[in-house]
Amino acid sequence: MKKLLHQSLPMAASSTHKKYFPLVLTTTLLMTSTLMFGCRSSSDEAEESATSNSQDTAYEKAPLSEGQSSLLDKQTSSSVDWQSWHKDLFKQANNERRIVFALIGSGTDINTLDALDQINQSASLSSLLKNNHITTLIDTNLHPDIEHYMALICMNSKIPANSPMLAWFSYEGNLVSWSPLYSKSMEEVEQVIRRTSNTVQNLWLESPEYTLANSRKDHEARSIIRFPEPVEAGSESTPSLVGPISRNKSLFDPVSDTIDNTLNLTTARYIDLMVRASNLSELSMHQRQQCLQTAIRVADKMLIYGLIDPLDGGVFIGHQGMTHTLPKFSKTLRAQALSMMALYRLYQATQDAKYLKAANRILDYTQKHLALEGGGVALGISHRSDKAQDQPCLWTFAEIKKALTPQELDIATRAFGLSKLGNIPLIDDPKKIYYRKNSLTWKTTLPELAKHSSTGTKALTKSLEGIAKKLEALRSQKPSKPTLEKLSTASSLATYSSACLSGYRATGNTSHLKIATNTIAYIRDHFIHQKGDLYRAMYNNQLNDIPAKGADYVMVCQAALDMHEVTLDPEWLDFAHEIHTKMNQRLKNPETGFITEYDGTGYPRDYPTYAYYTLYGIDNDNTWAIANSNAKRLSLRLTDESLTEQANQLDGIMLRTALISAPASIDYLSRESTARSTRVYLKRPISEPLFALARSKPCQIIAVSDSGSYPGLGLDPSEMQAGTATVILGDKKIGTAASPKELQALLSQ
């Protein structure tokens, strides 16, 4: 059945909802219950009782077993008796005539970990869930499409998505009740789960037919997927990106140094877009400079002086409140990779060494703390403690004073804005959970600190390094329970590889290339099934039996293309083409061309999701935008008409999406800015000096041989002289270069 077409996209809800989460959560549950269990009629009941399902005894139970992820491993002995998310789950529920309760979250989300701890610590709540429901724990690091589906439900219900999600399913697989879990206190978590479970259970026992009927109707209403009508490209010109990029740029508020209404959207993605847009020729010089200045300001105020941990150099995934003071105490591989990529590109554009230093520190952190034996890289680490007041990343003034010399304490106080009463504003901590605690995020720049301390920047840098070492050693002795999610996924590894390649292009440092090569080779050698299909995850050096999602395919294809562009090794181009082709075979609808995130293999029910935009609540990759970019990049290098056809098909939808909601199209705008950048065609045998120069610039690089076909070149390959470079922007030939000096001149135009 085709989905309804409608020109509508989500706009971000205000982040101020976090201040009122108890009310929001209560209201949401009441609304959900009212919608699903409101006044029923005898005719409804009679109609649905006639279509009720008969019991099906042909099913197998699948309790959680070790070997899937760190999150699931730790819950195998839980008294809740969690089941895995498996194909017979709803058959079991049908046979037992019970509601399925699902907790949907991840091992890199502190809220999920805390909620599970709180459930397990309450014997009565664990017993209630086990007795009333069949319980399933869905790891969104393994099943991100389910998180996307639940975020769609939130969007259609006009409430912000958040992790974890609580969901109650009928045995038909329709939602009976659901809610994002905003609260972290034990009392509220238990209260919400207990109240909703009892309500659902009582209504189910009173009238299963009515519950089934209304959950079907509600599912149809809330799970509608709206695709925008594509923009038709004119015969004379390509639709402009100026408007959507300008609207994204305007989201940054230079007064508060925040990006408006983007919720959980990774700051680095915004920086990356602004840097790429600064090279977009259709913007005026003034507009390009504004984009670059915005990238600089956001990197300084929100990333370097906000999210980077000064003790170990790792990047926290985001902020908990309205200011930059209180980070979310989780460091994921994705956050490290995206931040590295943005900072390396910013260094390439500005040559400011502070961005290179920050990016290199993130790389060092990743290699030291997340790299696994055997070649994988862990998804992330969360810093936790049994009590909120014991959070290891927060400090009392007395703790820091005891660890440092008086001179070091003075420097640290200015650098981190330390206070005896704590430095976390009340707006970020309204319940005073972290009273008298200080977070160690930069509150001033190095030059400003040097000015106030009358110390040279070189000596000051050395002092700060000494302070960081002392405090990092002290943090390791605090009562804490750091949680490492040792799962490796194809998409996260691919993003990491691409980030390292950005570092190689910005610096020429071959150590970056080596890490990137090893990472993408690890994917190729370990994530491909014997039949050639890509799989999603590795855990403890074993391939999980979960096929790849759409995002995995596009990110791996993108990383392979990035690798080909810096090496011009045809094997990586072939690998990229194979991955893209496999994605289309497995996930693309041959009639509409739409790419679904997953085909439902192994699921109790298929929940089609289409990632053609980014939902701010879950910060997902835009599969369609990156598939569009990959198709365009491949079509520049290969003779395959289906690639051009697919790019044209996706392009119109992506552009319409950008016109409706520019922030939701951040991946499309960033990739399309690169797609419209200068192209450098290098004729084989390739001149290494020309190749090295092109690699160091923000341009596309295409190797040309006489036997190939290059539709964007505009001339027959045989007309190019060996060892030369032809530079093209759009449909216009800028010129031909035989030396680095000539190429530099062409790229500077």
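Each chain carries its own residue numbering, running from 1 in the written order of its sequence. Totals for whole chains, interfaces and linings use every residue, but because this is a predicted model, local features are given only for residues with pLDDT of at least 70 and side-chain atom pairs only at 80 or more, for both listing and counting. In computing side-chain properties, one takes all heavy atoms of the structure into account and sets aside hydrogens as well as water.

**What about the packing of helix H20 (residues 510–526) against helix H21 (residues 550–567)?**
Then, number 1: Only C-alpha atoms enter the line fits that serve as axes; for helices the fit covers just the stretch in contact. Angles between N-to-C directions range over 0 to 180 degrees. Every helix listed is a DSSP run of H or I at least four residues long, and every strand listed is a run of E at least two residues long, numbered separately from the N terminus. The contact between H20 and H21 brings their axes to 11 Å, and the two run at 140°. Judged on the interaxial angle alone, H21 and H20 are oblique. Every pair of crossing elements has a handedness; the one defined by H20 and H21 is left-handed. Judged by residue contacts, Leu-513, Ala-516, Thr-517, Ile-520 and Ile-523 of H20 engage Val-556, Ala-559, Ala-560, Met-563, Val-566 and Thr-567 from H21.
Then, number 2: Nonpolar residues are Ala, Val, Leu, Ile, Met, Phe, Trp, Tyr, Cys and Pro. Charged residues are Asp, Glu, Lys and Arg, and all others, Gly as well, are polar. Residues belonging to the contact of H20 with H21 are distributed by class as follows: nine nonpolar, two polar and no charged. Angular relationships are summarised with four words: roughly parallel below 35 degrees, roughly antiparallel beyond 145, roughly perpendicular across 65 to 115, and oblique for the angles in between. In this scheme, a crossing is called left-handed if the near helix is turned counterclockwise away from the far one by less than a right angle; it is called right-handed if the turn is clockwise. Two residues form a contact once any of their heavy atoms are found within 4.5 Å.

**Things to note about the packing of aromatic side chains**
Then, number 1: Note on aromatic contacts: the rings of Phe and Tyr and the six-membered ring of Trp form a pair at centre separations within 6.5 Å, being stacked when their planes are under 30 degrees apart, edge-to-face when over 60 apart, and tilted otherwise. A complete count under the given rule lists 23 aromatic pairs for this structure.
Then, number 2: Residues Trp-85 and Tyr-603 carry aromatic rings whose centres are separated by 5.9 Å and whose planes lie at 65° to one another, so their mutual orientation is edge-to-face. Of the two residues, Trp-85 sits in the loop between helix H3 (70–73) and helix H4 (89–96) while Tyr-603 sits in the loop between helix H22 (570–587) and helix H23 (623–635), which places them 518 residues apart along the sequence.
Then, number 3: Buried means the residue's accessible area, taken with a 1.4 Å probe over protein chains only, is under 20% of the maximum for its type, while exposed means over 50%, and partly exposed covers the values in between. Classification of Trp-85 as buried rests on a relative accessible area of 8%.
Then, number 4: Judged by its relative accessible area of 8%, Tyr-603 falls in the buried class.
Then, number 5: Ring geometry for Phe-594 versus Trp-624: centroids 5.1 Å apart, planes at 35°, classification tilted. Residue Phe-594 is located in the loop between H22 and H23, and its partner Trp-624 is located in helix H23; the two are separated by 30 residues in the primary sequence.
Then, number 6: Judged by its relative accessible area of 0%, Trp-624 falls in the buried class.

**So, the nonpolar core**
Then, number 1: Residues Leu-343, Tyr-496, Val-556 and Trp-624 are the most contacted members of the largest nonpolar core, which totals 202 residues.
Then, number 2: Setting aside residues up to four positions removed in sequence, Val-556 forms contacts with Ala-490, Ala-494, Ile-520, Ile-523, Leu-534, Phe-575 and Ile-579.
Then, number 3: As used here, the term nonpolar core means buried Ala, Val, Leu, Ile, Met, Phe, Trp, Tyr and Cys residues forming a set that is joined through side-chain atoms within 4.5 Å. In terms of nonpolar packing, the next biggest core, distinct from the first, is built from 15 residues, Val-680, Phe-691, Ala-694 and Ile-701 among them.

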